[in-house]
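# Remarks on the overall topology
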Amino acid sequence: MEENVAELVDVVCYACRIVLPLLDSPLGREAWWRFLDEHAYHPVELLWEHSEAHERIDIDYIEVGSDIRSDPSFAEYAREWTGRPLALLPRPIARAVAEIVQRADVALDAHEWRAAPVDSAVAERVLRSMDFAPPPGEAVDDAAVLARLSAVETALERLRRAAAEPVGEHFRTLLTDVLRALPSMADLPPDELCAESGPLASPRLWDTERALRLIQHFMWSVTRGAHPDQSLSGRSGRAS
Ligand SMILES: [Zn+2]
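Residues numbered from 1 in each chain as written. Predicted model: local features only at pLDDT ≥ 70, side-chain atom pairs only at ≥ 80, totals over all residues.

## Observations concerning the pairing of strand S1 (residues 10-13)
In the sheet, S1 pairs with strand S2 (residues 18-21) via four bridges, with the strands oriented antiparallel. When the sheet's bridge partners are listed, Val11 is paired in S2 with Leu20. (Pairing = 2+ DSSP bridges. Helix = DSSP H or I, 4+ residues; strand = E, 2+ residues; numbered from the N terminus.)

This is the structure we're talking about:
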């Protein structure tokens, strides 16, 4: 019984955007102690299976032991997680974008989203330039930073072009708002990003990639032209 109950409980830190499922196993307990040590004085909440607070857990949250490549395993989280110094830094750009995407999500859920016929085709074109799931622990050299920056540049350009298409009112608002929240290429000078990187990626590059990941995730619902059954803002509806 104890095990069953434990499986249904997650603990979340809203400051660090990390979710830990509580597992009744030696490694699960080790991870829980690590979480307590790391987040005891942060805004932490226990989430039961049907907690409404699950709605706040978007794709930018790190979930220990999930099937997403960039998330840490229980063993990594409890012990040596290479990505920890980068993963737990604040991500102001991603959080600004998360708020915008959340508003759009609410409009979709309430069936208030006014779509134009071109919306899904435009979203599909944007998605072709988007594949943002960088693991925080990935060691980078200058070449890797420049390659990742170039992928960001392509995605930003696609988003700008999409905003110039005859898309629906809500899609246009979303695109305009996220473009305002995202950095421009002038805000991401290659030499500074390279200097800030090593062995882990530059925090602002990673923050921008996480923001683009939220947009990428939302674009899937625009290509469907309707909201899927599972909430896209929640990690239950995620795809890696
Ligand atoms: Zn925390």
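## Some points on the nonpolar core
The biggest cluster of nonpolar side chains holds 58 residues, and the ones touching the most others in it are Ala31, Val97, Val101, Val178, Ala211, Leu214 and Ile215. Sorting elements by how many residues they give to this core places helix H10 (residues 203-224) first, with nine residues. Apart from the residues lying within four places of it in its own chain, the contact partners of Leu214 are Asp58, Ile59, Asp60, Ala94, Val97, Ala98 and Val101. (Core = buried A, V, L, I, M, F, W, Y, C linked by C-beta atoms within 7 Å. Buried ≥ 20, exposed ≤ 12 C-beta atoms within 10 Å, placed from the backbone. Contact = placed C-beta atoms within 7 Å.)

## Some remarks on the sheet that holds S2
Where strands meet in a sheet, backbone hydrogen bonds hold them as pairs that are either parallel or antiparallel. Read across the sheet, four strands follow the order S3-S1-S2-S4 without closing on themselves; strand pairing throughout is mixed. In the strand order of this sheet, the two ends are held by strand S3 (44-47) and strand S4 (62-63), each with one partner. When S1 meets S3, the two strands line up antiparallel, connected through four bridges. Bridge assignment links Asp10 to a residue of S3, and that residue is Leu47. Together, S1, S2 and S3 form the strand contacts of helix H2 (residues 26-39), whose direction differs from that of S2 by roughly 150°. (Axes fitted to C-alpha atoms, helices over the stretch in contact; angles between N-to-C directions.)

## Here's the deal with the environment of Ala121
Looking at the element boundaries, Ala121 is found in helix H6 (residues 119-128). What makes Ala121 partly exposed here is the crowd of 13 C-beta atoms within 10 Å. Here the alpha-carbon distance between Ala121 and Asp60, two residues 61 residues apart in the chain, equals 25 Å.

## Thoughts on the domain arrangement of the chain
Assigned domains of the chain: these are domain 1 (2-86) and domain 2 (89-237). When each unit is reduced to the centre of its C-alpha atoms, the spacing between domain 1 and domain 2 is 24 Å. Listed per partner, the contact involves 16 residues of domain 1 and 21 residues of domain 2. Looking at the side of domain 1 that touches domain 2 residue by residue, the classes come out as seven nonpolar, four polar and five charged. (Domains from an automatic or database assignment. Nonpolar A, V, L, I, M, F, W, Y, C, P; charged D, E, K, R; others polar.)

## A word on the environment of Glu52
Here Glu52 lies in the loop between S3 and S4. Remark: the alpha-carbon pair of Glu52 and Phe35, spanning 17 residues in sequence, is separated by 22 Å.

## Overview of unusual backbone geometry
For residues other than glycine, phi is negative in most cases, and the peptide bonds are mostly trans. In this structure, the amide linkage connecting Gly198 to the following residue, Pro199, adopts the cis form with an omega of -5°. Within the secondary structure, Pro199 sits in the loop between helix H9 (190-196) and H10. A positive phi angle is found at Arg17, which is not glycine, with a value near 55°. Position of Arg17 relative to the elements: it lies in the loop between S1 and S2. One non-glycine residue, His111, adopts positive backbone phi at about 55°.

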